[in-house]
Every structure is written in structure tokens, then in C-alpha cells.
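Observations on the model geometry
Chain residues, written in single-letter form:
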Amino acid sequence: MEYLINMPLNCQSVDEFASEQALRDFYGQYRCQGIEGILVGADVSPKIKPDMVHGLHLSFYPTWMPYGKTTVPH
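Residues numbered from 1 in each chain as written. Predicted model: local features only at pLDDT ≥ 70, side-chain atom pairs only at ≥ 80, totals over all residues. Heavy atoms only, no water.

Regarding the nonpolar core
Quick note on the threshold: Definition used in this section: a nonpolar core is a set of buried Ala, Val, Leu, Ile, Met, Phe, Trp, Tyr and Cys residues joined via side-chain atoms within 4.5 Å. We call a residue buried when its accessible area falls under 20% of the maximum for its residue type, exposed when it is over 50%, and partly exposed in between, using a 1.4 Å probe and counting protein chains only. Numbering goes from the N terminus for both helices and strands, where a helix is a DSSP run of H or I of at least four residues and a strand is a run of E of at least two. We call two residues contacting when some pair of their heavy atoms lies within 4.5 Å.
In this structure, I5, M7, L9, V14, F17, L23, Y27, C32, I35, I48 and M52 together form the largest nonpolar core, which totals 11 residues. Those elements that place two or more of their residues in this core are β1 (4-8) and α2 (20-28). Once you skip the residues sitting within four places of it in the chain, V14 turns out to touch M7, P8, L9, L23, S45, K47 and I48.

Pasting the structure below:
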């Protein structure tokens, strides 16, 4: 089993890390083997390398679920 940390891949989110190695050290300290990337916009930080991203976190918006309704359509 792989252990991944999920995080946005955009520049704004990754800028807190001084370098590519600082990012690797961050997820490595939690014994994670890589990143489950969250796509936010079109920009992907140059600090993110292909070997870091082992999967993509899929966005989900539950529009098909009847939250707040008392009856469910048949």
C-alpha cells in the first residue's frame, strides 16, 4: 500500500516550500511516498515533479443527492 498526502498542485499552495527537496522532505516526514494531487486552476507549480504525483484527488460535488429534501424521487 502506498501512503500519499493530498495537496493542491498550484503555485500559490506550493510556494510555502522553499524548494522541490523541501516539499519531498515535508511529505517524507509523514512517511508518505508521494502526493495525491488536487488540481486547482491551470497552473501547476514547477516544484511539482511527475514522480511525486502518484494519483489525482477527484473533485466531487453531490448535486445528485437529495440533501435537505424530505422525499426522494422514485
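Notes on a nonpolar patch on the surface
Test applied: Patches draw on residues past 30% relative accessible area with no salt bridge. Two like charges within 9 Å are joined, as are two nonpolar side chains (Val, Leu, Ile, Met, Phe, Trp, Tyr) within 5 Å. Values of accessible area rely on a 1.4 Å probe in the Shrake-Rupley scheme; residue burial ignores everything except the protein chains shown. A pair is scored as a salt bridge if a Lys or Arg side-chain nitrogen falls within 4 Å of a carboxyl oxygen belonging to Asp or Glu.
A cluster of nonpolar side chains, L39, V44, L56 and L58, forms an exposed patch at the surface whose accessible area comes to about 410 Å². Structurally, V44 can be placed in the loop between β2 (34-38) and β3 (53-56).

With respect to the pairing of β2
The test is simple: Two strands are counted as paired when DSSP detects at least two bridges linking them.
Bridge count for β1 against β2 is five bridges, and the pairing is parallel. From the neighbouring strand, M7 faces β2, where its bridge partner is G37. Both β2 and β3 contribute to a ladder of three bridges, which runs parallel. Across the sheet, E36 pairs through a bridge with G55, a residue of β3.

Digging into the pattern of salt bridges
This structure, assessed with the given rule, holds two salt bridges. For E20, the salt bridge identified is with R24, shortest N-O distance 3.0 Å. Here the residue E20 and the residue R24 both occupy positions in helix α2, the gap between them amounting to four residues, near one helical turn. For E20, a relative accessible area of 29% gives the class partly exposed. Here D51 makes a salt bridge to R24, at a shortest N to O gap of 3.0 Å. Placement of the pair is D51 in the loop between β2 and β3 and R24 in helix α2, with a sequence separation of 27 residues. With a relative accessible area of 51%, D51 lands in the exposed category.

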